[in-house]
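Breakdown of the fold
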Amino acid sequence: RFSQLDETTADSTAATEGTGASIAPSARRRARDPRLTPPTERTEAPTFTLPDMDGANATLTDYAGRVLLLNFWATWCGPCRVEMPWFVDFEEAYADDGFAVLGVSMDEPGWDIVRPFLDKQPLNYRIALADTAERAAPFGPMNILPKTWLVDRNGRIAAEHIGLVNRDAIERDIQQLLSE
């Protein structure tokens, strides 16, 4: 159901989707180093209700007034595992400034595979599960993982990145969103 990509492949794929054979240099740059969408052009993040690791429901409204890094991942995804320590660092560094990370596992076996994975790689941020078509539907097609959205304090998608994120670039974007 999903493709796993390294950073180079993800950049190339993201840059060429829907553009034909010609790849503009600016598209390649955007794929590797996403920039924030101007506030007036941002779209509302979809509403969702997903079961979390503690048996509660994670919803978009849980993050009202905060900047949210919404990361879609799977246990089998190598680039996803690379990003996780960065997201731990971001959660630790910026939580007091109104920032949060929500990891959304797309693993179809569900908690049976996610819980043992998290026992081996504990995280300091909330994990929810979108293991069925119904739970994943609000987020649109998920053909490539990881997929990361930055959602502003008003619940609007400020950036979307497909594939392994550029750590420094996404941290700059987080800082910019926190200052808005």
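Placed above this text is the structure.
If you're wondering where the values come from, they're calculated on a predicted model, not measured in any experiment.

Quick notes on the rules
- Residues numbered from 1 in each chain as written.
- Predicted model: local features only at pLDDT ≥ 70, side-chain atom pairs only at ≥ 80, totals over all residues.
- Heavy atoms only, no water.
- Pairing = 2+ DSSP bridges.
- Helix = DSSP H or I, 4+ residues; strand = E, 2+ residues; numbered from the N terminus.
- Contact = heavy atoms within 4.5 Å.
- Axes fitted to C-alpha atoms, helices over the stretch in contact; angles between N-to-C directions.
- Phe/Tyr/Trp six-rings, centres within 6.5 Å; stacked < 30°, edge-to-face > 60°.
- Buried < 20%, exposed > 50% of the residue type's maximum accessible area, 1.4 Å probe, protein only.
- Lys NZ or Arg CZ within 6 Å of the ring centre and 35° of its normal.
- Polar contact = N/O pair within 3.5 Å; in protein donor to acceptor, adjacent residues only side chain to side chain.
- Disulfide = S-S within 2.5 Å.
- Right-handed = clockwise from strand over helix to strand, strands pointing away.
- Salt bridge = Lys/Arg side-chain N within 4 Å of Asp/Glu carboxyl O.

Moving on, we get to the sheet that holds strand 9 (residues 147-151). The sheet built from 6 strands is open, its strands ordered 2-10-9-5-6-7 with mixed pairing. Because the sheet does not close on itself, it has two edges, and the strands there are strand 2 (43-44) and strand 7 (126-129). Pairing analysis gives 7 bridges linking strand 5 (residues 67-73) to strand 6 (residues 99-105), with the strands arranged parallel. Paired with V67 across the strands is F99, a residue of strand 6. Sitting on the sheet, helix 4 (residues 111-120) is in contact with strand 5, strand 6 and strand 7, with an inclination near 160° to strand 7. Its contacts with the sheet place helix 6 (residues 167-179) against strand 5, strand 6, strand 9 and strand 10 (156-162), and it is angled at close to 20° to strand 9.

Turning to the packing of aromatic side chains, a few remarks are in order. For the coordinates displayed, the defined rule picks out 7 aromatic pairs. Ring centres of F87 and F90 lie 6.2 Å apart, and the angle between their planes is 40°; this geometry places the pair in the tilted category. With F87 and F90 both in helix 3 (residues 78-94) and 3 residues apart, this pair spans about one turn of that helix. Using a relative accessible area of 1% as the deciding quantity, one classes F90 as buried. Where Y94 meets F99, the ring centres are 6.2 Å apart and the plane angle is 80°; that geometry is what we call edge-to-face. Taken individually, Y94 and F99 each receive the classification buried, so the pair is uniform in this respect. In this structure an aromatic cluster arises from ring pairing among F48, F72, F139 and W149. The ring of W111 carries the charged tip of R115 above its face, separated from the ring centre by 5.0 Å.

Here the focus is the side chain of D131. Here D131 is to be found in the loop between strand 7 and helix 5 (133-136). Here the side chain of D131 touches R135 through a polar contact of 2.5 Å, side chain to side chain. Setting aside its immediate chain neighbours within four residues, D131 contacts S105, D107, E108 and G110.

All right, on to the state of the cysteines then. For the coordinates displayed, the defined rule picks out 1 disulfide. Each sulfur in the disulfide pair C77 and C80 lies 2.3 Å from the other. Judged by the torsion about the S-S bond (80°), the C77/C80 disulfide is right-handed.

What follows deals with the pairing of strand 7. The pairing of strand 6 with strand 7 spans 4 bridges and is classified as parallel. Its bridge partner being in strand 7, V104 is matched across the sheet by A128. You can see the chain leave strand 6, run along helix 4 and come back into strand 7, and the turn it takes is right-handed.

Under the defined criterion, the tally for this structure stands at 9 salt bridges. Ionic pairing is found between D62 and R126, a salt bridge with its closest N-O pair at 3.0 Å. Placement of the pair is D62 in the loop between strand 4 (57-59) and strand 5 and R126 in strand 7, with a sequence separation of 64 residues. Relative accessible area serves as the criterion here: at 32%, D62 is assigned to the partly exposed category. For R167, the salt bridge goes to E171, with nearest N and O atoms at 3.3 Å. Remark: E171 and R167 occur in helix 6; sequence separation between them is 4 residues, near one turn of the helix. For R167, a relative accessible area of 24% puts it in the partly exposed group. Connected through shared salt-bridge partners, R42, D152, R156 and E180 make up one network.

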